[in-house]
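One letter stands for each residue in the lines below.
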Amino acid sequence: KEKKEPKEKEKHQETERRISFSKQIKELDRNLKLYLTVALIFTLGNSSNTFLLLKAKETGFSDTNVVLLYFIYNLSAAILSLPLGYLSDKIGRKHLLVTGYFIFTIVYLGFGFAQTKVTIIAVFILYGVFTAATAGVERALISEIAPSHLKGTMLGLHATIVGMALLPASIICGALWNEFGSLVPFIFGAALSLTACLLLIFFLKIPKKEKEQQ
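Below is a summary of the structure that appears in this document. In this text, all values refer to a predicted model and were calculated from it rather than measured experimentally.

## Structural notes on the overall build of the protein chain
Phase 1 of the analysis: Looking only at helices and strands, the protein chain features ten helices and zero strands.
Phase 2 of the analysis: For the protein chain, the α and β elements follow one another from N to C terminus as α-α-α-α-α-α-α-α-α-α.
Phase 3 of the analysis: Taken across its 214 residues, the protein chain has 40% of its residues classed as buried.
Phase 4 of the analysis: The long-range fraction of contacts in the protein chain, counting pairs at least 24 apart against all pairs at least 6 apart in sequence, stands at 82%.

## With respect to the nonpolar core
Phase 1 of the analysis: Ranked by internal contacts, the top residues of the largest apolar core, which has 51 residues, are Tyr35, Tyr101, Phe111, Ile120, Phe124, Met154 and Leu200.
Phase 2 of the analysis: A total of nine residues in this core trace back to one element, the largest contributor, which is helix α5 (residues 93-113).
Phase 3 of the analysis: Those residues within four positions of isoleucine 120 in sequence are excluded, and the remaining contacts are Lys55, Ala56, Thr59, Phe61, Leu69, Phe111 and Ala114.

## Points about the packing of α5 against helix α9 (residues 183-203)
Helix packing geometry: the angle between the two helix axes and the distance between the axes.
Phase 1 of the analysis: Relative to each other, α5 and α9 sit at 165°, their axes nearing to 8 Å. Judged by the inter-axis angle, α5 sits roughly antiparallel to α9. Relative to α9, α5 is oriented so that their crossing is left-handed. Note on element contacts: α9 touches α5 through Leu183, Phe186, Ile187, Gly189, Ala190, Ser193, Leu194, Ala196, Cys197, Leu200 and Ile201, opposite Lys94, Leu97, Val98, Tyr101, Phe102, Phe104, Thr105, Tyr108, Leu109, Phe111, Gly112 and Phe113.
Phase 2 of the analysis: Here the contact of α5 with α9 is built from residues that sort into 18 nonpolar, four polar and one charged.

## Digging into helix α4 (residues 63-91)
Phase 1 of the analysis: Taking 1.5 Å of rise per residue, the 29 residues of α4 would be expected to cover 42 Å, and the 40 Å separating its terminal C-alpha atoms lies within 8% of that figure.
Phase 2 of the analysis: Taken residue by residue, α4 has Val66, Leu69, Tyr73, Ser76, Ala77, Leu84 and Ser88 as its buried positions.
Phase 3 of the analysis: Against the buried residues of α4 lie α3 (50-58), α5, α6 (117-134) and α7 (137-145).
Phase 4 of the analysis: Just downstream of α4 lies glycine 92, where phi reads positive at about 105°.

Thresholds, definitions, all that
- Within each chain, residues carry numbers counting from 1 in the order of the written sequence.
- Per-residue local features of the predicted model are confined to residues with pLDDT of at least 70, and side-chain atom pairs are confined, for both listing and counting, to 80 or more; whole-chain, interface and lining totals are unaffected and use all residues.
- Side-chain descriptors were evaluated using all non-hydrogen atoms of the structure, hydrogens and water having been removed beforehand.
- Helix and strand assignments come from DSSP, with helices taken as H or I runs of at least 4 residues and strands as E runs of at least 2, each series counted from the N terminus.
- Using a 1.4 Å probe on the protein chains alone, a residue whose accessible area is under 20% of its type maximum counts as buried, one over 50% counts as exposed, and one in between counts as partly exposed.
- Any two residues having at least one pair of non-hydrogen atoms within 4.5 Å are treated as being in contact.
- We define the nonpolar core as a collection of buried residues of types Ala, Val, Leu, Ile, Met, Phe, Trp, Tyr and Cys that are connected through side-chain atoms lying within 4.5 Å of one another.
- Angles here are taken between N-to-C directions and fall from 0 to 180 degrees, while the axes themselves are lines fitted to C-alpha atoms, restricted in helices to the stretch in contact.
- Orientation labels follow simple angle bins: below 35 degrees gives roughly parallel, above 145 gives roughly antiparallel, 65 to 115 gives roughly perpendicular, and whatever is left gives oblique.
- Helix crossings fall into two classes, left-handed where the near helix is turned counterclockwise from the far one by less than a right angle and right-handed where it is turned clockwise.
- Three categories are distinguished: nonpolar for Ala, Val, Leu, Ile, Met, Phe, Trp, Tyr, Cys and Pro, charged for Asp, Glu, Lys and Arg, and polar for the others, with Gly belonging to the last.
- By definition here, a helix of n residues has an expected span of 1.5 Å times n minus one.

Everything listed is a geometric property; what it means functionally is a separate question.
So this is what it looks like as structure tokens:
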């Protein structure tokens, strides 16, 4: 009995935690549920960057130049991350996130229809702008719209949803690429990004407390 009691206590505590978590999820307001849904939709269209590099090679870049393109992307993201983070404090997380998703739409359409090296270079730079505009803003938005006692839980749930969606996103992209060529998977990603963008614009309502801070 003495050996079983601690195990039974642990099982009881684990059950209580699960019930508590389930209850918290059900009690989430529409803003959080909407944003988590938007994150899922967007991520399903955000396939691995490997496909961007494959598109660059398809357009005529050598392996060495493809690496340089990825460096250009990272450089533009690094240079713009600080000023765009400052901009999000001024105009609000939602507005910058919507802008970032719209830029992603343009980037994926650019990759899909690109036929010249100049276009590929331009969309890689623009892709860096998207990354700088959204990298920390997504988490910041969740922190602002989530109840104080659920911030950590919601950040973890957001990371879980995004992580789980990344694999099928790349599988879908690869399947579309093999079946229809490089244009269709990029149009698919752009369509999901635009959908996420419109959902944020028309349905995500920013709490008054955040508006006052801005």
